[in-house]
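What the coordinates show
Here is how the chains run, residue by residue.
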There are 2 protein chains.
Amino acid sequence: MQALVLTSDTFGITTVSDPVPVAGETCVKVLAAGLNRRDQWIREGKYAKIVYPAILGSDACGLTDKGERVIIDPSFDWGDNAAAQSSGYHILGMPSQGAIAQKVCVPTANLHPAPTHCTDVQAAALPLGGVTAYRALMVRGALQPNETVVITGIGGGVATLAMQMALAAGARVFVTSGSDTKIERAKQLGAAGGVNYHDDAWPKKLEAMAGAADLAIDSAGGRVLNDLTAVVRPGGRIVFFGATTGPTPLLNLHRIFWKQLDIRGSTMGSADDFRAMLAFVNKHRIIPVIDSEIPFHDAVRAFDLIATSDQFGKIVITMS
Amino acid sequence: MQALVLTSDTFGITTVSDPVPVAGETCVKVLAAGLNRRDQWIREGKYAKIVYPAILGSDACGLTDKGERVIIDPSFDWGDNAAAQSSGYHILGMPSQGAIAQKVCVPTANLHPAPTHCTDVQAAALPLGGVTAYRALMVRGALQPNETVVITGIGGGVATLAMQMALAAGARVFVTSGSDTKIERAKQLGAAGGVNYHDDAWPKKLEAMAGAADLAIDSAGGRVLNDLTAVVRPGGRIVFFGATTGPTPLLNLHRIFWKQLDIRGSTMGSADDFRAMLAFVNKHRIIPVIDSEIPFHDAVRAFDLIATSDQFGKIVITMS
């Protein structure tokens, strides 16, 4: 079969042996494969324990031999503790073979019917971003209807899915971005407003616009975490699923204890989280926002695109 | 009456007018008044919005005109949100008259029967430290029986009460201190072990001793918060009710989201928290540890003592 293969010094489409299913596995003919920042980080060598050669990709919509259209839950071996993944937890794509290939074999228990209201591309945009957004927003964030939610860095795959889910759950959503265009896109999709974080006064502007928020969903970390402690109301929650700007310098603990805030880390999600996410997406007929569809032969360009952080929504590689 | 009065340049026992109760208030003849670090911070001018002259003290055991032996819930105007105090929240002692006086008048609703298993001094040690410890440990920390809890800075009034409550709740308790003597005292009281935080390897030593903790209770903040993210298990909780060492430099967000940790701020407590704390103390017949009893005429020395941080348990001023 053909697959996008990363070695320590090459990255391109190569002919490799077809994967062979072991007991309990089902093979899927990939129709579309969604991209995540993790894939680009691995390409850049910025990930722990990279094993070469690697076939990347955590997200796929495809067909089984029986013709069932499925998506793959990318989480393996979460373990039996709902509160946190086990030390053996890993996800589809490096070290196991990933989805940016013509065929991938995974445990049959990880297959779920693709949402019938989504195209192949839309369904392929859902798995890892969807479960990460759902766990951050609904499980760790415990979002309640009519709450006010701030989602930072709108346009990112997880942030955009989180916005769509929060809106479906009946929340008021405000966003931040470094791009006014992205803020406008978010408002077209239902956000009540947004502020540009290149303006140092963004926390105050956001508060003037939104009032004190009940919940903030972030993956920037760094100084933004301090800013968010000012943005959320007393007793409010901040959930973060990443820290792209690094550790927080001088976290203001006094404000956190005086305001009785909760700061909660979150990452990816369990099989239960995935099932709950999928049921929620089906119930509310959420259609993931697609930034671009890139044909398989041009797959490296999809990585170049996600590296720019210019996208709004998901970048998906189409296989046919 | 006689009271300990702080002005911008004096601090000593002075004769002042007797307080006059307004509607809904009851006057209490103070038998014993517990000291808190807050009192010393106000003496040092290190508190927001200090109003002079001030009669300090948030904790009292005393007698009503009817001869009822009571303790005072020091919290006023928490508001109706269990998750956080209102902006009008304040506590007994600056700006309202505090407990280090022969007499104090407070809303009758703030009076509760003193625990019958405690002496006047022990009962006076309970209110502010007890409600702070209870909220941090049981409400914000959601301690479960058989969990492993790490309590930092043992010997401090709140930390020591938190240890006693955690033991009563059936938890395994480990402590930290800068003093080996305090660690030994804690073990005599039921702690399973402890480590001296002057040893830079204390987090690893604690983990070797205790395994991964479910919950940590802290008021040091600063670098200790980062250390505690290593000490608690994946999915664990860190609750802090103070930050005596200041903001946290370079908080390790990656570890927090990967381990799915909760970091929760807490301070003091509501009227409901106070009632729950008192019921818990009565049920388990918890007797607050008393470091020293200082007679009223020598009250300034009680402040000098708490400033040293050498105490183990509460410092209480006796009025008769």
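If you're wondering where the values come from, they're calculated on a predicted model, not measured in any experiment. (Residues numbered from 1 in each chain as written. Chains lettered and ligands numbered in written order. Predicted model: local features only at pLDDT ≥ 70, side-chain atom pairs only at ≥ 80, totals over all residues.)

Moving on: the overall build of chain A. In terms of helices and strands, chain A carries 10 helices and 18 strands. In terms of overall size, chain A behaves like a compact globule, its C-alpha atoms giving a radius of gyration of 19 Å where 320 residues would be expected to give roughly 20 Å. Taking the principal axes of its C-alpha atoms as reference, chain A extends roughly 60 × 40 × 40 Å. Per-residue burial for chain A yields a buried fraction of 55% across its 320 residues. (Helix = DSSP H or I, 4+ residues; strand = E, 2+ residues; numbered from the N terminus. Rg over C-alpha atoms; globule rule 2.2 N^0.38 Å. Buried ≥ 20, exposed ≤ 12 C-beta atoms within 10 Å, placed from the backbone.)

The next point concerns the domain arrangement of chain A. Each domain of chain A was delimited in the assignment, giving domain 1 (2–126 + 288–318) and domain 2 (131–265). Taking only C-alpha atoms, the centre of domain 1 of chain A and the centre of domain 2 of chain A are 28 Å apart. (Domains from an automatic or database assignment.)

Our focus in this paragraph is the interface of chain B and chain A. Listed as interface residues are 30 residues of chain B and, on the opposing side, 30 residues of chain A. For the side of chain B that touches chain A, the elements supplying multiple residues, two or more each, are β15 (232–240), α8 (253–258) and β16 (262–265) of chain B. Across the side of chain B that touches chain A, the residue classes break down as 16 nonpolar, 11 polar and three charged. Alignment of strand β16 (residues 262–265) of chain A against β16(B), held across three bridges, turns out to be antiparallel. Paired with Arg264(A) across the two strands is Asp262(B), which belongs to β16(B). (Contact = placed C-beta atoms within 7 Å. Nonpolar A, V, L, I, M, F, W, Y, C, P; charged D, E, K, R; others polar. Pairing = 2+ DSSP bridges.)

Another aspect to go through is the relation of the copies chain B and chain A. The transform that puts chain B on chain A rotates by 180° and translates by 0.0 Å along the axis, for an RMSD of 0.0 Å. What the superposition gives is, in effect, a two-fold axis relating one chain to the other. An overlap of 100% is found between the interface residues of chain B and their copies at the interface of chain A, pointing to a shared contact surface. (Least-squares fit on C-alpha atoms with pLDDT ≥ 70 in both.)

Val224(A), Leu225(A), Asp227(A), Leu228(A), Thr229(A) and Val231(A) are the residues of helix α7 (residues 223–231) of chain A that are buried. Residues of α7(A) that are buried make contact with β11 (148–151), α6 (202–210), β14 (213–218), β15 (232–240) and α8 (253–258) of chain A.

Before going further, it helps to examine the sheet that holds strand β4 (residues 54–55) of chain A. Residues and elements named next belong to chain A. The strand order across the open sheet built from three strands is β2-β1-β4, with neighbouring strands paired in antiparallel fashion. The outermost strands of the open sheet, each flanked by one partner alone, are β2 (11–15) and β4. Alignment of strand β1 (residues 2–6) against β4, held across two bridges, turns out to be antiparallel. Of the residues in β4, the one forming a bridge with Val5 is Ile55.

Moving on: the pairing of strand β2 (residues 11–15) of chain B. Residues and elements named next belong to chain B. Two elements, strand β1 (residues 2–6) and β2, share five bridges in a ladder whose sense is antiparallel. Pairing of Ala3 across the sheet is with Thr14, part of β2. What sits between β1 and β2 in their antiparallel hairpin is a turn of four residues.

This brings us to the confidence of the model for chain A. Scored by pLDDT, chain A has a mean of 97; 100% of the residues are at 70 or more. Across the interfaces of the predicted complex, the ipTM metric reaches 0.96, alongside a pTM of 0.97. (pLDDT = per-residue confidence, 0-100.)

The subject of this paragraph is the sheet that holds β16(B). With mixed pairing, the 12 strands of this open sheet are ordered in space as β13(A)-β12(A)-β11(A)-β14(A)-β15(A)-β16(A)-β16(B)-β15(B)-β14(B)-β11(B)-β12(B)-β13(B). The open sheet has two free edges, formed respectively by β13 (193–196) of chain A together with β13 (193–196) of chain B, since each of these has just one partner strand. Sheet twist, expressed as the average angle between the axes of neighbouring strands with direction ignored, equals 15°. When β11(A) meets strand β12 (residues 172–177) of chain A, the two strands line up parallel, connected through four bridges. Bridge assignment links Val150(A) to a residue of β12(A), and that residue is Phe174(A). Packing against the sheet, helix α5 (residues 180–188) of chain A makes contact with β12 and β13 of chain A, and its axis sits at approximately 170° to β13(A). (Axes fitted to C-alpha atoms, helices over the stretch in contact; angles between N-to-C directions.)

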